[in-house]
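# Observations on the three-dimensional arrangement
Read off the chains here:
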Amino acid sequence: MSNFIDFNSAKKLHQMSDSKNKVTELFNIKYPVIQAGMIWHSGWKLASAVSNCGGLGLIGSASMYPDILRENIQKCKRATDQPFGVNVALLYPNLDEIIQIILEEGVKIDFTSAGNPKNYTEILQKEGIKVAHVVSSTKFAVKCEDAGVDAIVAEGFEAGGHNGRDETTTLCLIPNVKKHISKPLIAAGGIALGCQMKAAMILGADGVQIGSRFAATTEASAHENWKKKITELNEGDTHLTLKELAPVRMVKNKFFSELEEIYNVGRNTEALITSLGRARAKKGMFEGDMDEGELEIGQVSALIDEVLPVEKVFENLLREFNEAKMPEL
């Protein structure tokens, strides 16, 4: 892929010509940058802002009732004339209703995760929808290709939120997946800076999916307390836990300590379910309770030191991408 043209202001971002590769051509976007569909963060404001900057914004359906999802899709269509999509976790309830809304509203891009892509890929593609699926291993990447998806997101265990059980890092995962698939490959997990984006593409990715950096933006729908907390995190402040249910990376706070106590008395799965059943993710990331809430974020949060508008994130990302160079041997 050719280097992007340098620029000195966000305004120039919208004046730049397209730099085509597999991901930009597939989704008809300027830059191979996908904003992850994050629970309690990814409403229409964030998705439209990312799309307006030349990336691909995703509405995160996992934290939305079907009618709220429809409202967000309609508002996003009014806020941008650029491509955007919806992220759908295949293990969530009301799945058929969510898929029906996507079809009715004419959404043309769908990122699926946490389930078997075979179940809905063909249905979506028959309606002209591009389908990408998120995986955490080479084995599941191959299954995705067999299922006929249009692109594959390979996510290392550095990533925030729900994650793979194998704890494979992005650095190891991307080149291995690249060896085994031919579909466009999108790297995710531990990517917030332009130099990290370039590294992922050197490893074989055709583009990147970024979550944590977009979580700490003014357009994200999360609570301001949480956005501020993200900028204060250091290395080691997140941990991958809950492998008995569905692995998730979260901040070590009071709620995390409560989970650790449950582990200390015997890894009681029912007790874990009871603790999680108190809408802890909403309490933390959406309502702003930094003690009692579940706070999902990636390891790369240690590199995020301020809440920024999406446009500034793009400006920094592309500038850093251009400035990142291989050292001489």
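The sections below set out a description of the structure shown in this document. All values reported here derive from a predicted model rather than from experimental measurement.

### Here we look at the nonpolar core
Ranked by size, the top nonpolar core spans 71 residues in total, and within it Val33, Ile59, Phe214 and Trp226 carry the most contacts. Tallying contributions element by element places helix 15 (residues 310–323) first for this core, with 6 residues. If we ignore the near neighbours within four places in the chain, the residues touching isoleucine 59 are Ser42, Ala47, Met64, Leu69, Asn72, Ile73, Cys76, Phe84, Gly85, Val86 and Asn87. Within the second largest apolar cluster, 15 residues are counted, among which are Leu26, Phe111, Ala132 and Val134.

### Brief notes about the packing of helix 7 (residues 138–147) against helix 8 (residues 170–180)
When two helices pack together, you describe them by how their axes are tilted relative to each other and by the distance separating the axes. Running from amino to carboxyl end, helix 7 crosses helix 8 at an angle of 35 degrees, the nearest separation of the two axes being 9 Å. Judged by the twist between their axes, the crossing of helix 7 over helix 8 is right-handed. On helix 8, the residues that touch Thr138, Ala141, Val142 and Glu145 of helix 7 are Leu173, Asn176, Val177 and His180. Partitioned by chemical class, the residues of the contact of helix 7 with helix 8 number 4 nonpolar, 3 polar and 1 charged.

### Focus on the sheet that holds strand 3 (residues 84–89)
Taken together, the 8 strands give an open sheet; going across it, the order is 1-9-8-6-5-4-3-2, and neighbouring strands pair in parallel fashion. With one partner strand each, in any of the chains shown, strand 1 (33–35) and strand 2 (57–60) form the two edges of the open sheet. Across this sheet, the average inter-strand angle for adjacent strands is 25 degrees, counted without regard to direction. Of the strand pairs in this sheet, strand 3 and strand 4 (residues 109–113) are connected by 4 bridges, and their pairing is parallel. Across the sheet, alanine 89 pairs through a bridge with serine 113, a residue of strand 4. Here helix 7 sits on the sheet in contact with strand 5 (130–135) and strand 6 (151–155), set at roughly 165 degrees to strand 5.

### Here we look at the packing of aromatic side chains
In this structure the tally under the stated criterion is 3 aromatic pairs. Centroid distance tryptophan 40 to phenylalanine 286: 5.0 Å. Interplanar angle 35 degrees. Geometry classified as tilted. Of this pair, tryptophan 40 sits in the loop between strand 1 and helix 3 (44–52) while phenylalanine 286 sits in helix 14 (residues 280–286), and the two are 246 residues apart along the sequence. Between the aromatic rings of phenylalanine 214 and phenylalanine 314, the centroid separation amounts to 5.9 Å while the plane-to-plane angle is 40 degrees, which identifies the pairing as tilted. Taken together, the positions of phenylalanine 214 in helix 10 (residues 212–215) and phenylalanine 314 in helix 15 put the pair 100 residues apart, joining distant regions of the chain. The exposure class assigned to phenylalanine 314 is buried, which follows from its relative accessible area of 0%. If you follow lysine 198 out to its NZ or CZ, it ends over the ring of phenylalanine 321, 4.8 Å from the centre.

### Some details on helix 8
Of the positions making up helix 8, those classed as buried are Thr170, Leu173, Ile174 and Val177. End-on, the buried residues of helix 8 take up no more than an arc of 95 degrees, which puts them together on one face. Among the exposed residues of helix 8, those pointing more than 90 degrees away from its buried face are Leu171 and Lys179. On its buried face, helix 8 is in contact with helix 7, strand 6, strand 8 (185–188) and helix 9 (194–202).

### Things to note about the sheet that holds strand 10 (residues 238–241)
With antiparallel pairing, 3 strands are arranged side by side in an open sheet as 7-11-10. This sheet does not close on itself; its edge strands, each paired only once, are strand 7 (161–162) and strand 10. Summarising the sheet, strand 10 and strand 11 (residues 248–251) pair through 4 bridges and their orientation is antiparallel. Residue pairing in the sheet places threonine 241 in a bridge with valine 248 of strand 11. Strands in contact with helix 12 (residues 254–264) are strand 10 and strand 11; relative to strand 10, the strand with the most contacts, it is inclined by about 40 degrees.

Rules behind the numbers
Residues numbered from 1 in each chain as written. Predicted model: local features only at pLDDT ≥ 70, side-chain atom pairs only at ≥ 80, totals over all residues. Heavy atoms only, no water. Core = buried A, V, L, I, M, F, W, Y, C linked by side-chain atoms within 4.5 Å. Buried < 20%, exposed > 50% of the residue type's maximum accessible area, 1.4 Å probe, protein only. Helix = DSSP H or I, 4+ residues; strand = E, 2+ residues; numbered from the N terminus. Contact = heavy atoms within 4.5 Å. Axes fitted to C-alpha atoms, helices over the stretch in contact; angles between N-to-C directions. Left-handed = near helix turned anticlockwise from the far one by under 90°. Nonpolar A, V, L, I, M, F, W, Y, C, P; charged D, E, K, R; others polar. Pairing = 2+ DSSP bridges. Phe/Tyr/Trp six-rings, centres within 6.5 Å; stacked < 30°, edge-to-face > 60°. Lys NZ or Arg CZ within 6 Å of the ring centre and 35° of its normal. Arc of directions from axis to C-beta.

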